[in-house]
There are 2 protein chains.
Amino acid sequence: MEHTTEILRQLFVLLFAAKIGDEIFKRLGQPPIIGEILAGALVGPAVLGWYDVNSETTLFAEIGVVLLLFQVGVETRLHDLVKVGPSALAVGALGVALPFAGGFALAGLLGSPLVVAVFLAAALTATSVGITSGVLRDLGALGTQAGRVILGAAVIDDVLAMLILAFASGLAAGSASLDRIAVLVVVAVVFIGIVLIGGTRILARRRAILTDPRFAETPFLPGMIIMLGLAALASQIGLAAIIGAFLAGMVVGESSERHALEAEVAPVAAFFTPFFFGFIGAQVDLGGLADLGTLALVAGVTAVAVGTKFIGAFIGAIRLGTAEATLIGWGMVPRGEVGIVVAGLGLQIGAIEGQLYTVVVAMAILTTLIVPPFLPALVRRSGARGTLAGGVGPDVRTGDEED
Amino acid sequence: MEHTTEILRQLFVLLFAAKIGDEIFKRLGQPPIIGEILAGALVGPAVLGWYDVNSETTLFAEIGVVLLLFQVGVETRLHDLVKVGPSALAVGALGVALPFAGGFALAGLLGSPLVVAVFLAAALTATSVGITSGVLRDLGALGTQAGRVILGAAVIDDVLAMLILAFASGLAAGSASLDRIAVLVVVAVVFIGIVLIGGTRILARRRAILTDPRFAETPFLPGMIIMLGLAALASQIGLAAIIGAFLAGMVVGESSERHALEAEVAPVAAFFTPFFFGFIGAQVDLGGLADLGTLALVAGVTAVAVGTKFIGAFIGAIRLGTAEATLIGWGMVPRGEVGIVVAGLGLQIGAIEGQLYTVVVAMAILTTLIVPPFLPALVRRSGARGTLAGGVGPDVRTGDEED
C-alpha cells in the first residue's frame, strides 16, 4: 500500500505539473511540449525532488513514447510517403542528410568516439511532425502546398531518422564490428519490410479484419495488442521499441475504421505522453547548463542543427521558388520529441553522457522555440496562406483548438 | 533495454490473452470479464508462467482498477442516488446488509478472526454494476422499472460496499481498537463528504470549469489529474485508492461535457482494465481449488452469497410485486469485479490468505455465471421487456454491441 500510494502520488505530481507547463506555454503561444519538459525538470530530482526516476515511472514514460509513436504511425499513410512526390522526398532526404553529416562532423571536431558521433548526428536529423503540424495548424497553412510538402517531408524524415536510430542502437548495443552492424541493418530492414508490406497487404485485402473479433468494436484494442507486440519484438531484435510501435501504427492505420481508431488512441496518448515529456525533463541536469563550456556546446550544436536542416530542406524545395523553399526550410527546423527520444535512448543505454544529453535537449527546445515567431511572415510572403481545401486528411485537423 | 523488453513482452502477453479470453466468453454468451480472469490465470505463474507479478505489472493492474472505478463513478450521478427512490434504496441496503451478515456469520462458524470475517463479509456485499448492466443491456431491459431499480440499487450497493471496504481496510491497517476504527470512519466519511459535496457544488456553480484550462478541450485530462490526486489522497489517509478514483469520477461526471469525458475515458479504461482482470487471475491458485475442503468452502460461500443477496433484494423490492421482485433479486446476484477487488485488497495487505482469496474469486465467477441463463424468462414473466424509453442516460447504452 505504501509503495502504491507513493507511485500514485508521483504520477499525479508529474501529470499535474506537466499540464500546468502545457497551459503556461499555450498561453505564451509557445509549443506546450516544451512546457511539459520544463515542468518535469522542475518537479524532478534536480530541483524539487517530488518525482523520482524509478522502474514504475520509467515504464510510464516508455509506454508514453510508445503510444506517441504509435499515434504518429496511425496518422501516417504509407501511400502519402509515395504520393507527396519528389519535393517532399528531396526535402526529407536532404533535411536528414545534411544535419546528420553536420552532427557527425561536429562530433569529429570535438574528438568524440564513433558511437557518440552517430547518436549526436541521429539526434539532429528528425523534424518533429507533431510540433511542425501544430504550428502550421495555428497558421491555417496545413492545406497549402508548402504545408503538404512539410508534412510529407517530416514523415520521410521520421522514417529515415528511425533507420538511423536502429543503426545507432545496434552500434551501441553490439560491438563496432561492421559485420554485426550490417546484420542489424539487414534484420531491421527485413523486419520493417515484412511488417509494413505484409501488414498493409493483409489489411488491403480485408480492411475490416481488425474488427472481426467480437471484443473489437473498433480497431483500437487489436491495435494496442499489435502495438505492444511489435514494440516488444522490435526491442527483442535490437531495434528501439518505438520503431515497432510506429510500424504498428502505420499498419493498423490502414484499417477501414481509422477515424474511430484515431479518436480512441488520442485520449490514451494524451494521458500517457505527458509522463514521457515530464520524464525527459526530469532527466535533464539543469545545473549542467551552468558552465560556459556546456553553453558553448549548446550554441554550436544548435547552430549546426538549424543551419544544416534549413539548408538541406531549402535545397530540396528550391524548384518551388525561393519564398516557398524558405518557408519549407524554416518549417522543418523544430526538432522536439524525436531528437529527445534519440538522445534519451543514447543516455539510457550508456552511449552518450549526461552533458551531451542536456545539450541535445537544450538544442531541441531552442530549435522549437525560434521557429514560430518567424513563420507568419514567411507564410504571407510565400502567398501560401488561405486555401484550407481537402487533401490533408481529417487527422491533421481533428486537434483544432479554439484559439 | 533488457528489462523494458521483458515488461513490454509481459504486458503484450497479458493483454493478448485477456482479449482472447474476452472473445471466447463473448462467443459463449458469458460475461467477458470472466474470460479475462481465466486467461490471466492461464498465462500467469500458476500455469504457463509467461507473465509475472512484479512492480510494473502490479502498477498496471492498480491503474486498471483505478480507471475502472473512475469510469463507474463518471457513469454514476449523485442525483440518481436520490432520484431512484425508496425501492432502489431498500434493495441496495438490504442487498448489502444480508450478504454482509451472512458472510460475517459464516466466518464466525468457521472460527475466523475478526479482520478475516469483515473482509469476507465485505467481499460478499457488492453487486457488479458493470456485469448487471451488461446483462440487462443484452436483454433490452435497461429502461424498464426493474432495470432502473437494479441500476439504482447497484449504485447504492457500491457506495455502501466502499464504506465497508474503508472500514475493513482501516481494521486491517490499524489495530482492532474501536477508537481508531471510529476515527477512520469519521475521516472516511468527512473525506467522502467534502469531495462529493464540495466537488459537486463547485461544478454545479460552474459546470464548464474543467474545460477552462487551454490544455483541456474536454474534461478528460483535468479528470485524469483529479483521479490520480484523489486516488493518492484516499490511499494516503488509509482508504483504498479506488474509493478516491470513484469519488473523482462522480464529481468530474457532473461536468457539462460529461459525454465527451465518457467517450475519452472509455478507451483508456478499455486498454487498462484487462491488465487488472488478468492480474487478478494470475494471482489465483488454481491448484488450490483441487482439494475437497476448499471446494466445500466455495460451495458454502457461494450459497450464502446467492441466497443472502437474492433474499435481501427480493424483500427490498417486494412492494413492486413478486414477479418484479424475483427479477430484481436475481439480477442483483452477480458479484464480479468489486468482490474480487475487496478480496484482492485483503490479500495484498495480508488480511486474508490465498485460500480464501481463491474461494472469493471462485464465488464471484460462479455468481456471475449462474445469473444470465435465467434472466430472459424472469424478464418475460415480469412483463418488463419492451419499453426502452429514455431516462437511463446515454452512458448506459453507448456500449451497445452489434450482437
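Definitions and cut-offs
Residues numbered from 1 in each chain as written. Chains lettered and ligands numbered in written order. Predicted model: local features only at pLDDT ≥ 70, side-chain atom pairs only at ≥ 80, totals over all residues. Heavy atoms only, no water. Helix = DSSP H or I, 4+ residues; strand = E, 2+ residues; numbered from the N terminus. Buried < 20%, exposed > 50% of the residue type's maximum accessible area, 1.4 Å probe, protein only. Contact = heavy atoms within 4.5 Å. Areas by Shrake-Rupley, 256 points an atom, 1.4 Å probe, with all protein chains shown as cover. Least-squares fit on C-alpha atoms with pLDDT ≥ 70 in both. Phe/Tyr/Trp six-rings, centres within 6.5 Å; stacked < 30°, edge-to-face > 60°. Axes fitted to C-alpha atoms, helices over the stretch in contact; angles between N-to-C directions. Parallel < 35°, antiparallel > 145°, perpendicular 65-115°, else oblique. Left-handed = near helix turned anticlockwise from the far one by under 90°. Buried area = accessible area lost by both parts, 1.4 Å probe. Salt bridge = Lys/Arg side-chain N within 4 Å of Asp/Glu carboxyl O. Patch = residues over 30% accessible without salt bridge, like charges linked within 9 Å, V, L, I, M, F, W, Y side chains within 5 Å. pLDDT = per-residue confidence, 0-100.

Concerning the overall build of chain A
- Within chain A, the secondary structure is distributed over 17 helices and zero strands.
- With 403 residues in all, chain A has 59% of them scored as buried.
- At a minimum sequence separation of 6, the contacts of chain A that also span at least 24 residues come to 79%.
- Carbon and sulfur atoms form 67% of the exposed surface of chain A, whose accessible area is close to 14,600 Å².

Section: the relation of the copies chain A and chain B
- Overlaying chain A with chain B gives an RMSD of 0.0 Å, the required rotation being 180° about an axis along which the chain moves by 0.0 Å. Interpreted geometrically, this transformation is the action of a two-fold axis.
- Most of the interface of chain A is mirrored in chain B, where 100% of its interface residues again form contacts.

Thoughts on the packing of aromatic side chains
- If you walk through the whole model with that rule in mind, you get 24 aromatic pairs over all chains.
- Ring centres of Phe-60 of chain A and Phe-272 of chain A lie 5.0 Å apart, and the angle between their planes is 45°; this geometry places the pair in the tilted category. Pair noted here: Phe-60 of chain A is in helix 3 (residues 55–74) and Phe-272 of chain A is in helix 12 (residues 258–282), with a separation of 212 residues, a long-range link.
- By relative accessible area, which is 0% here, Phe-272 of chain A ends up buried.
- Ring geometry for Phe-271 of chain B against Phe-275 of chain B: centres 5.5 Å apart, planes inclined by 85°, an arrangement best described as edge-to-face. Residue Phe-271 of chain B and its partner Phe-275 of chain B are located together in helix 12 (residues 258–282), separated by four residues, close to a single helical turn.
- Taking relative accessible area as the criterion, Phe-271 of chain B reaches 0% and is therefore assigned buried.
- Take Phe-275 of chain B: its relative accessible area is 1%, and that puts it in the buried class.

Here we look at the packing of helix 10 (residues 220–236) of chain A against helix 12 of chain B
- The interhelical angle for the contact between helix 10 of chain A and helix 12 of chain B, taken along N-to-C directions, is 55°, at an axis separation of 10 Å. Considering the angle they form, helix 10 of chain A stands oblique to helix 12 of chain B. Along this stretch, helix 10 of chain A crosses helix 12 of chain B, giving a crossing that reads as right-handed. Of helix 12 of chain B, the residues touching helix 10 of chain A (which contributes Phe-220, Leu-221, Met-224 and Leu-228 of chain A) are Pro-267, Ala-270, Phe-271 and Phe-275 of chain B.

As for the interface of chain A and chain B
- Chain A puts 52 residues into the contact, and the matching count from chain B is 53 residues.
- Between chain A and chain B lies a buried interface of about 4,900 Å² when both sides are counted; carbon and sulfur atoms form 73% of it.
- Across the chain A-chain B interface, the total number found is zero salt bridges.
- Secondary structure elements with two or more residues in the side of chain A that touches chain B: helix 1 (2–27), helix 3, helix 10, helix 12 and helix 15 (337–348) of chain A.

Let's talk about helix 14 (residues 322–331) of chain A
- Within helix 14 of chain A, eight of the 10 residues are buried, which leaves the element mostly enclosed by the surrounding structure.
- What helix 14 of chain A keeps buried is the set Glu-324, Ala-325, Thr-326, Leu-327, Ile-328, Gly-329, Trp-330 and Gly-331 of chain A.

A closer look at a nonpolar patch on the surface
- On the surface, a nonpolar cluster with roughly 370 Å² of combined accessible area is contributed by Phe-16, Ile-20, Ile-24 and Leu-28 of chain A.
- Inspection of the secondary structure assignment puts Ile-20 of chain A in helix 1.

Thoughts on the confidence of the model for chain A
Residue and element names in this part refer to chain A.
- Summing up the model confidence of chain A, the mean pLDDT is 80 and the portion of residues at 70 or higher is 83%.
- Predicted confidence in chain A is weakest over helix 7 (residues 129–138), with a mean pLDDT of 63, and strongest over helix 13 (residues 292–317), with 93.
- Below pLDDT 50 for its whole length, residues 384–403 participates in 40 contacts with residues either more than four positions away or in separate chains.
- Among the scores for the predicted complex, ipTM is 0.76 and pTM is 0.76.

Some words on the pattern of salt bridges
- The full count for this structure, using the stated rule, is 12 salt bridges over all chains.
- Between Arg-258 of chain A and Glu-262 of chain A there is a salt bridge; the shortest N-O distance is 2.8 Å. Of this pair, Arg-258 of chain A and Glu-262 of chain A are both found in helix 12, four residues apart, which corresponds to roughly one turn of the helix. The pair formed by Arg-258 of chain A and Glu-262 of chain A is uniform in burial state, with each residue classed as buried.
- Among the ionic pairs, Arg-27 of chain B bridges to Glu-23 of chain B, the shortest N-O distance being 2.8 Å.

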